[in-house]
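# Working through the structure, step by step
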Amino acid sequence: MLRLSNLKISLLGVAASLPLTVNAANCFSTEWKPYNGVYNDAWSTRSSLCTNGANGVNCNTDNTFCAVTAGNVVATWEGSDKNGMFAQCWDALNDAINQCVYSNKPGGDYEYNGNTWTVTVLAE
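Each value, and the rule that gives it
- Residues numbered from 1 in each chain as written.
- Predicted model: local features only at pLDDT ≥ 70, side-chain atom pairs only at ≥ 80, totals over all residues.
- Heavy atoms only, no water.
- Helix = DSSP H or I, 4+ residues; strand = E, 2+ residues; numbered from the N terminus.
- Buried < 20%, exposed > 50% of the residue type's maximum accessible area, 1.4 Å probe, protein only.
- Areas by Shrake-Rupley, 256 points an atom, 1.4 Å probe, with all protein chains shown as cover.
- Disulfide = S-S within 2.5 Å.
- Expected span 1.5 Å × (residues − 1).
- Bend = angle between axes of the 7 residues up to and from the residue.
- Pairing = 2+ DSSP bridges.
- Contact = heavy atoms within 4.5 Å.
- Axes fitted to C-alpha atoms, helices over the stretch in contact; angles between N-to-C directions.

### Thoughts on the overall build of the chain
Within the chain, the regular secondary structure consists of three helices and six strands. Among the 124 residues that make up the chain, the fraction classed as buried is 33%. Element-wise, carbon and sulfur atoms account for 51% of the exposed surface of the chain, whose accessible area totals about 7,800 Å².

Below you can see the structure in the form of C-alpha cells.
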C-alpha cells in the first residue's frame, strides 16, 4: 500500500526534475479578435525573419533592426548584431506567437541576450 509520505516524496522528486525556468514572451495587454488567416500570417513572418537572405525582410543599413510583414502581421528584430538575430529567432518568435497571439493578444516581444524579437498584429 502506498503511504501518503511516499506519495509526497514521489511528487517532490518529479517536481525537482522539471526545468526551473520557462521562456516567456511579454505580451501586449489589449485583447483583440483574430482575423481569418492571422495565425498563418504570424508563422509566415517568423519563417521569413528567421531565414537568412529571405525575400521581403528589410533591415536598416547598420543591421541593428529588421522587419517583415505578412498580411496584417509585422515581425521585427532589434539588436546590436544581425548575426546574433538568427541564433534564437525561431524559438523567440515561436514563444511570442504561441504565448501571445494564440492567447488573443495582438502580439508581444521576446528578449534574449541583448536582442528583442517582436510580433505585432495590426487591426484589420
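### What to know about the state of the cysteines
Inspection of the entire model under this criterion finds three disulfides. C27 shares a disulfide with C100; S-S distance 2.0 Å. An S-S torsion of about -85 degrees defines the bridge between C27 and C100 as left-handed. Placement of the pair is C27 in strand β1 (residues 26-27) and C100 in the loop between α3 (82-99) and β5 (107-112), with a sequence separation of 73 residues. Under the relative-accessibility criterion, C100 is labelled buried at 0%. Between C59 and C66 runs a disulfide, and the two sulfur atoms are separated by 2.0 Å. Here C59 and C66 share a disulfide; its torsion about the S-S bond, 105 degrees, makes the bridge right-handed. When the bonded cysteines of the chain are numbered from the N-terminus onward, they pair as 1-6, 2-5, 3-4.

### A word on α3
For α3, spanning 18 residues, the distance from its first C-alpha to its last is 25 Å, which sits close to the expected 26 Å at 1.5 Å a residue. Along its length, α3 reaches its greatest deviation from straightness, about 60 degrees, at Q88. Along α3, the residues classified as buried are M85, C89, A92, L93, D95, A96 and I97.

### Some remarks on the pairing of strand β4 (residues 73-78)
The buried count for β4 comes to five of six residues, which makes it a mostly enclosed element. Both strand β3 (residues 65-70) and β4 contribute to a ladder of six bridges, which runs antiparallel. Within β4, the position partnered with A70 by the bridge is V73. Between β3 and β4, which pair antiparallel one after the other, the connecting turn spans two residues, and G71 there sits at a positive phi close to 60 degrees.

### What to know about the sheet that holds strand β6 (residues 115-121)
If you walk across this open sheet you meet the six strands as β1-β5-β6-β4-β3-β2, and the pairing is antiparallel. Edge positions in the sheet fall to β1 and β2 (58-59), since each has one partner strand and no second. For β2 and β3, the ladder comprises two bridges, and the chain directions are antiparallel. Residue pairing across strands places N58 opposite A67, the latter belonging to β3. Sheet strands in contact with helix α2 (residues 38-49) are β3, β4 and β6, and its direction is about 145 degrees off that of β3. Lying over the sheet, α3 contacts β1, β2, β3, β4, β5 and β6, oriented at roughly 40 degrees with respect to β6.

### Observations concerning the environment of A123
By secondary structure assignment, the location of A123 is in the segment after β6. Along the primary structure A123 and V73 are separated by 50 residues, whereas in three dimensions their C-alpha atoms are 9.2 Å apart.

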